[in-house]
Amino acid sequence: MNSVDVSVVVPLFNERESLPELVAWIDRVAVGHAFSYEIIMVDDGSTDGSWECIEELKAHYPALRGIGFARNYGKSAALYCGFEAARGEVVITMDADLQDSPDEIPELRRMVLEEGFDLVSGWKKQRHDPVGKRWPSKFFNWTARAASGIRLHDFNCGLKAYRRKVVKAIEVYGEMHRFIPILARQAGFRRIGEKVVEHRARKYGHSKFGLERMVKGYLDLITVLFMSHFGRSPMYFFGSLGTLMFLLGGGTTVWIIVDKLWKQFHALPLRPVAEQPLFYLAMLAVVLGVQLFLAGFLGELINRGSSDRNKYLIDKNL
């Protein structure tokens, strides 16, 4: 299939009301700047008629393409499949709720093509969200910056631009869409930029934000940081930690036994080994050390023997 200038990937879940306005807006911007484009809408198992709306829009906008999931898999799955289908030299992602402005597309594209960025992340400097969503987001972004070393203000902004080779090289799964900049850097793309973008008040529907997203976000941050350092060689982490615990526990056990024998040989007061709590702690350290080492070994076997990527059931395609 022939490539286009820009692919706009839009993951969506129950956003029927905003889709006609969003598609018309993207089309107006693309035509006004005279670049070829495609819109890839990935319906993440919507139940409000969003897919039927995409089918109707397809009749009026030939550049529109649709992917529909059989059930709700999450935003990362939607982005993964959208990235797989994208043909554009530059790939833009944005949310379907009209809080991201398509007017940002030309400048984001220019920054990738002319300034040489591999990835440009939007920064919603002025947000139209309730305080209960803004402050947890600020804390989350601060933690992600400190842990990853990537100086972005808004990791979770849905409006981003990518060079095509970036989206073809990374694998987004679970809830990892929040950490695409980290995944991109892990894949070797280090020119990561940022642009202040307009954040619009929600016009239709309601926010999907919840407390569980914050909990998942931090768990995923730990996962992605672990994977970035030890994903290819889990033995480096588990094997090292297991060896350390085994040596510590084994050394303590030997010391307890030698101490008992020395006192026994010199007829000094002594406590039976089985009555010393330290002995059981040492034995626990030995057992845990062996288990951690085996976990690292099994991780290496699985890592080297597995090449399958995540699969998602798609039952509709345009």
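Please read these numbers as outputs of a predicted model, since none were measured by experiment. (Residues numbered from 1 in each chain as written. Predicted model: local features only at pLDDT ≥ 70, side-chain atom pairs only at ≥ 80, totals over all residues. Heavy atoms only, no water.)

### Observations concerning the overall build of the protein
The helix and strand tally for the protein stands at 10 helices and eight strands. Residues classed as buried in the protein amount to 46% of the 318 residues present. Summarising the internal contacts of the protein: among those between residues at least 6 apart in sequence, 81% fall at separations of at least 24. Of the accessible surface of the protein, which amounts to about 16400 Å², a share of 60% is contributed by carbon and sulfur atoms. (Helix = DSSP H or I, 4+ residues; strand = E, 2+ residues; numbered from the N terminus. Buried < 20%, exposed > 50% of the residue type's maximum accessible area, 1.4 Å probe, protein only. Contact = heavy atoms within 4.5 Å. Areas by Shrake-Rupley, 256 points an atom, 1.4 Å probe, with all protein chains shown as cover.)

### As for the packing of aromatic side chains
Enumeration over the complete set of coordinates arrives at four aromatic pairs. Relative to Y280, the ring of F279 lies with its centre 5.5 Å away and its plane at 75°, an arrangement referred to as edge-to-face. By relative accessible area, F279 is classed as buried at 17%. Since its relative accessible area comes to 48%, Y280 is described here as partly exposed. In this arrangement the basic side chain of R191 is found over the ring face of F117, its NZ or CZ atom lying 5.3 Å from the centre. (Phe/Tyr/Trp six-rings, centres within 6.5 Å; stacked < 30°, edge-to-face > 60°. Lys NZ or Arg CZ within 6 Å of the ring centre and 35° of its normal.)

### A look at the pairing of strand β5 (residues 119-123)
Counting buried residues in β5 gives five out of five residues, a clear majority hidden from the surface. Along β5, one buried face is formed by L119, S121 and W123 and the opposite face, lined by V120 and G122, is buried too. As judged from the three bridges shared by β5 and strand β6 (residues 160-163), these two strands associate in the antiparallel manner. Paired with L119 across the two strands is Y162, which belongs to β6. With five bridges joining them, β5 and strand β7 (residues 192-196) adopt parallel strand pairing. Bridge pairing in β7 places G122 opposite K195. (Pairing = 2+ DSSP bridges.)

### Observations regarding the side chain of E38
In this fold, E38 is placed in strand β2 (residues 37-43). Engagement of the side chain of E38 in a polar contact is seen with the backbone nitrogen of R87, the distance being 2.8 Å. Once residues within four sequence positions are removed from consideration, E38 is found in contact with V4, V6, S7, V8, A63, R65, A85, A86, R87 and G88. (Polar contact = N/O pair within 3.5 Å; in protein donor to acceptor, adjacent residues only side chain to side chain.)

### Details of the nonpolar core
Residues M41 and I92 are the most contacted members of the largest nonpolar core, which totals 35 residues. Of all the secondary-structure elements, those providing two or more residues to this core are β1 (4-12), α1 (19-32), β2, α2 (50-58), β4 (88-93) and α4 (105-114). I92 has contacts with V6, S7, V8, V9, I105, L108, L159, K160 and A161, leaving out every residue within four places of it along the chain. Counting 33 residues, the second largest nonpolar core, distinct from the first, contains I40, F140, I150 and V166. (Core = buried A, V, L, I, M, F, W, Y, C linked by side-chain atoms within 4.5 Å.)

### Digging into the packing of α1 against α2
Across the interface, α1 lies against α2 with an axial gap of 10 Å and an inter-helix angle of 35°. At the point where α1 passes α2, the crossing takes the right-handed sense. Here α1 contributes L19, P20 and V23 to the contact with α2, which in turn contributes S50, C53, I54 and L57. Class assignment for the residues of the contact of α1 with α2 results in six nonpolar, one polar and no charged. (Axes fitted to C-alpha atoms, helices over the stretch in contact; angles between N-to-C directions. Left-handed = near helix turned anticlockwise from the far one by under 90°. Nonpolar A, V, L, I, M, F, W, Y, C, P; charged D, E, K, R; others polar.)

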